[in-house]
Amino acid sequence: MGYLEGFGVTLRQHRLFGGKRVTTEYSGGRRAKKGKDDSHDEKQHKPERLHGRHVLNRYEDGMEKCIGCELCAGVCPAKCIYVRGRDNDPENPTSPGERFGWIYEINYLRCIHCDLCVEACPTEAITESKLFEFSFTNRKDAIYTKDELVVDDHGMPQHLPWEDWRPGEEQNTSGWMRATSPGGDERFVGEIGWSNELGFGLRAPEAKQAEADAPKTVRTISRGEGH
Amino acid sequence: MFALDPLLIGDIDLTVILIVLLKVVVVFGVGLVATMLMVWFERKVIAGMQNRIGPNKAGPWGMLQTLADGIKLFFKEDLIPDRADRFVFKLAPYMAFVPAFLVWAIIPLGGDYTNGNGGIVTWFGRDTKVQLADPQMGILLLLALSSIAVYGIMLAGWSSGSKYPLLGSVRATAQMVSYEAALGMSLAAVLLLSGTLSTSGIVGAQSGTGNWNLITTGFLPFVIFVIAATAELNRPPFDLVEAEQELVGGFNTEYSSIRFALFFLAEFMNTITMSAIIVTLFLGGPQPLTINIGGLEWNGDLGLGFLNGTVWFILKLLVFLYMYVWFRATLPRLRYDQLMNLGWKVLIPLSLGWFVVLAAMQLGKDEGWNQIAVVAVSLAALLVGALMLMAAVKVSARNREREGTMF
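**Here we look at the overall build of chain B**
Consideration 1: For chain B, the count of helices and strands is 13 helices and 4 strands.
Consideration 2: Taken over the C-alpha trace, chain B has a radius of gyration of 23 Å; the compact-globule value for 407 residues is 22 Å, and the two agree within 12%.
Consideration 3: Each of the three principal axes of chain B carries a C-alpha extent, and together these read 65 × 65 × 45 Å.
Consideration 4: Contacts spanning at least 24 positions in sequence make up 76% of the contacts within chain B whose residues lie at least 6 apart.

Encoded structure:
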């Protein structure tokens, strides 16, 4: 009787009869900031290369990386990026080179976090942080301007009032961009293909697969799982 | 057994009217709150069975989620399609909603049924029953009202002036009419043994767990009744009426705002009332569970005074409500021909045959015939009938195959 077996399966899944919940709770954001509800305020672990809200990076000397080339705007499938470049003032340049990003706006009501802009960027100016816990309540806040996107003088992303940053979360602002060997070619694994960043210097490459699998790692991946 | 409420015998004064009004308000309020909680209960339990959390933000444990949804629906725009029959379109939700409410009136919600009391309690110096009304044709009222509820669904689909709702309502009509036969037939088994149509009388005849109709009718009518009731309620696995994958939203596709809320409310209220009917018919309603095995004896008194019956009633009700949610979590939806096969070729013949057996036994008891012989003969007749039916089904299936039509 297949039907009756099914009844057993669903009943065993119910918490009253020993089932488990797989949903995890998060109630952070503004509510948590106001101290109203901190019972389920733990953020879950996020992968290194998660696509979150963008940042505009700077070189270690404080120069902006963006050159206003508009490639990100061109490649954006959601048409959420608006860029206008302008010639640098020779006396007081914003970016090394001829031009800089004068207007830079991203509309987060449209952005699908595909990271094509990050791939397209020739200077690694735009990258994505791991933050996705930002909930604005009007359309004006949804459009991030250049002032809000550029990293601060320590190279850290700016904290806007409606964003829920936690200590340590600012550290990883370019996880995907620094992913070595995205094409899967072993020769490029662990090779550095990126420039210095303000506040971080030259970031270290990811471990090679052999190193990642080495027994020193705490997390063990059983055979047959993943890949 | 005299079935009329003792409250209405003799003088009708202000106290009597106030008691009746109080009952009406309480039943109405409890009905609405119970429906609200049922929606929450269903969402919570099914979430549990799917390893989720379910609503947990509005109110304690999310209990007010339904209220929030209701308020949202109330303030939404009320759309009527251009091609709808406006009057019928507006009427249909009430046709579904009002019968669902009215069934509450005949369900004994509590009372003292021990020692042949017939569920009579004394409130404010008056003898009365813990149910809104106790008409002598109680169960017939149930059947009549559930038939009216079909109109609600049928008219909703028809008056929408839209294809999918129409398909949904055609399905609903066929399904509910088909299963009403099996429902009525298994109900007849209960009525045969109880000898009364009054719900209070049926409960009164089931004192002591050994006398519950679940056991005295031989379990089968109970199973058939539960299956047929699930189909009557359009609940999974018989929810072809609103099969989302096939019919968009079924009969209520074109409904929005408060009219949709009424359908939604009616559906869940029907689930509760049907569970209450099952409890009344087969599990002795507010009768306590009594244990009398060997030396162990317990009369089911929870020490709650006049609430004893009500608490037992609610406990039994919860079992069935959980069961309905469990069905929904477990069973995949039937195909339309499977539904009709189950109804016409299995449930109706089975309930009819069982009814005949029970009737033969009852007659044998009255006439003083040998019980074993009666049972043997009637079961043999049942078996012959079943074989003939199976043969007929097989032959007709072969003929259809020859003609090249599938169903």
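**Considerations on the overall build of chain A**
Consideration 1: For chain A, the count of helices and strands is 7 helices and 5 strands.
Consideration 2: Counted from the first residue to the last, chain A has its helices and strands arranged as α-α-β-α-β-β-α-β-α-β-α-α.
Consideration 3: Across the 227 residues of chain A, 23% fall into the buried class.
Consideration 4: For chain A, restricting intrachain contacts to residue pairs at least 6 apart in sequence, the fraction spanning at least 24 positions comes to 64%.

**Quick notes on the interface of chain B and chain A**
Consideration 1: Contact residues are listed per partner, giving 10 residues for chain B and 12 residues for chain A.
Consideration 2: Its residues placed into classes, the side of chain B that touches chain A shows 5 nonpolar, 4 polar and 1 charged.

**Brief notes about the pairing of strand β1 (residues 120-123) of chain B**
All names here are of chain B.
Consideration 1: The pairing of β1 with strand β2 (residues 126-129) spans 4 bridges and is classified as antiparallel. Each bridged residue has a counterpart across the sheet, and for Thr122 the counterpart in β2 is Asp127.
Consideration 2: In sequence, β1 turns back onto β2 through a hairpin of 2 residues, with Phe124 there showing a positive phi of about 50 degrees.

**Observations regarding the environment of Phe75 of chain B**
Consideration 1: One can find Phe75 of chain B in the loop between α2 (65-74) and α3 (86-102).
Consideration 2: Overall, Phe75 of chain B belongs to the exposed group, with 9 C-beta atoms counted inside 10 Å.

**A look at the nonpolar core**
Residues and elements named next belong to chain B.
Consideration 1: With 90 residues, the main nonpolar core has Ala96, Phe225, Ala228 and Ile278 as its most contacted residues.
Consideration 2: The biggest single contributor to this core is helix α10 (residues 257-282), with 16 residues.
Consideration 3: Two domains each put at least three residues into this core: domain 1 (6-334) and domain 2 (336-407).
Consideration 4: Ignoring anything within four residues of it in the chain, the contact list for Ala96 reads Ala149, Gly152, Ile153, Leu262, Phe263 and Ala266.

**Observations regarding the packing of helix α8 (residues 220-232) of chain B against α10 of chain B**
Pairs of packed helices are described in terms of their axes, by the angle between the two and the distance that separates them.
All names here are of chain B.
Consideration 1: Two elements in contact, α8 and α10, have axes whose closest approach is 11 Å; the angle formed by their N-to-C orientations is 165 degrees. Between α8 and α10, the angle falls in the class roughly antiparallel. Both α8 and α10 take part in a crossing whose hand is right-handed. Taking contact as the criterion, the partners of Phe222, Phe225, Val226, Ala229 and Glu232 in α8 are, on α10, Met274, Ile278 and Phe282.
Consideration 2: Residue classes in the contact of α8 with α10 are distributed as 7 nonpolar, no polar and 1 charged.

**Overview of the environment of Cys72 of chain A**
Consideration 1: Along the chain, Cys72 of chain A turns up in helix α3 (residues 71-75).
Consideration 2: A sequence separation of 27 residues divides Cys72 of chain A from Arg99 of chain A, and the C-alpha atoms of the two residues are 15 Å apart.

**Focus: the pairing of strand β3 (residues 99-107) of chain A**
Residue and element names in this part refer to chain A.
Consideration 1: As paired elements, strand β2 (residues 81-87) and β3 share 7 bridges and run antiparallel to each other. Bridge pairing links Ile81 to Ile106 in β3.
Consideration 2: As paired elements, β3 and strand β5 (residues 143-144) share 2 bridges and run antiparallel to each other. Of the residues in β5, the one forming a bridge with Asn107 is Ile143.

**Some details on the sheet that holds β5 of chain A**
Consideration 1: Taken in spatial order, the 3 strands make up an open sheet running β2-β3-β5 (chain A), and their pairing is antiparallel. The strands lining the two open edges of the sheet, one partner per strand, are β2 and β5 of chain A.

Scoring rules and cut-offs
Counting restarts for each chain, with residues numbered from 1 along the sequence as it is written. As a convention, the first chain written is A and the first ligand written is 1, with the rest following in written order. pLDDT decides what is reported in this predicted model: residues at 70 or higher carry local features, side-chain atom pairs at 80 or more are listed and counted, and totals for whole chains, interfaces and linings draw on all residues regardless. Under the DSSP-based scheme used, a helix requires at least four consecutive residues in state H or I and a strand at least two consecutive residues in state E, with every element numbered from the N terminus. In this setup the radius of gyration rests on C-alpha atoms only. A globule is expected at 2.2 Å times the number of residues raised to 0.38. By definition, residues are in contact whenever their C-beta atoms, placed on the basis of the backbone, come within 7 Å of each other. Between the buried cut of 20 or more and the exposed cut of 12 or fewer other C-beta atoms within 10 Å of a residue's own C-beta lies the partly exposed class, and all C-beta atoms are placed from the backbone. Amino acids are sorted into nonpolar (Ala, Val, Leu, Ile, Met, Phe, Trp, Tyr, Cys and Pro), charged (Asp, Glu, Lys and Arg) and polar (every other residue, Gly among them). Pairing between two strands is assigned when DSSP locates at least 2 bridges connecting them. Structurally, a nonpolar core is described as a collection of buried Ala, Val, Leu, Ile, Met, Phe, Trp, Tyr and Cys residues joined by way of C-beta atoms within 7 Å. Residue ranges for the domains originate in an automatic or database domain assignment. To obtain each axis, a line is fitted to C-alpha atoms, and for helices this fit is confined to the stretch in contact; angles are then taken between N-to-C directions over 0 to 180 degrees. Orientation categories follow fixed angle ranges, with anything under 35 degrees roughly parallel, anything over 145 roughly antiparallel, 65 to 115 roughly perpendicular, and all other angles oblique. Handedness of a crossing is defined here by the sense of rotation of the near helix relative to the far one, left-handed for an anticlockwise turn of less than a right angle and right-handed for a clockwise turn.

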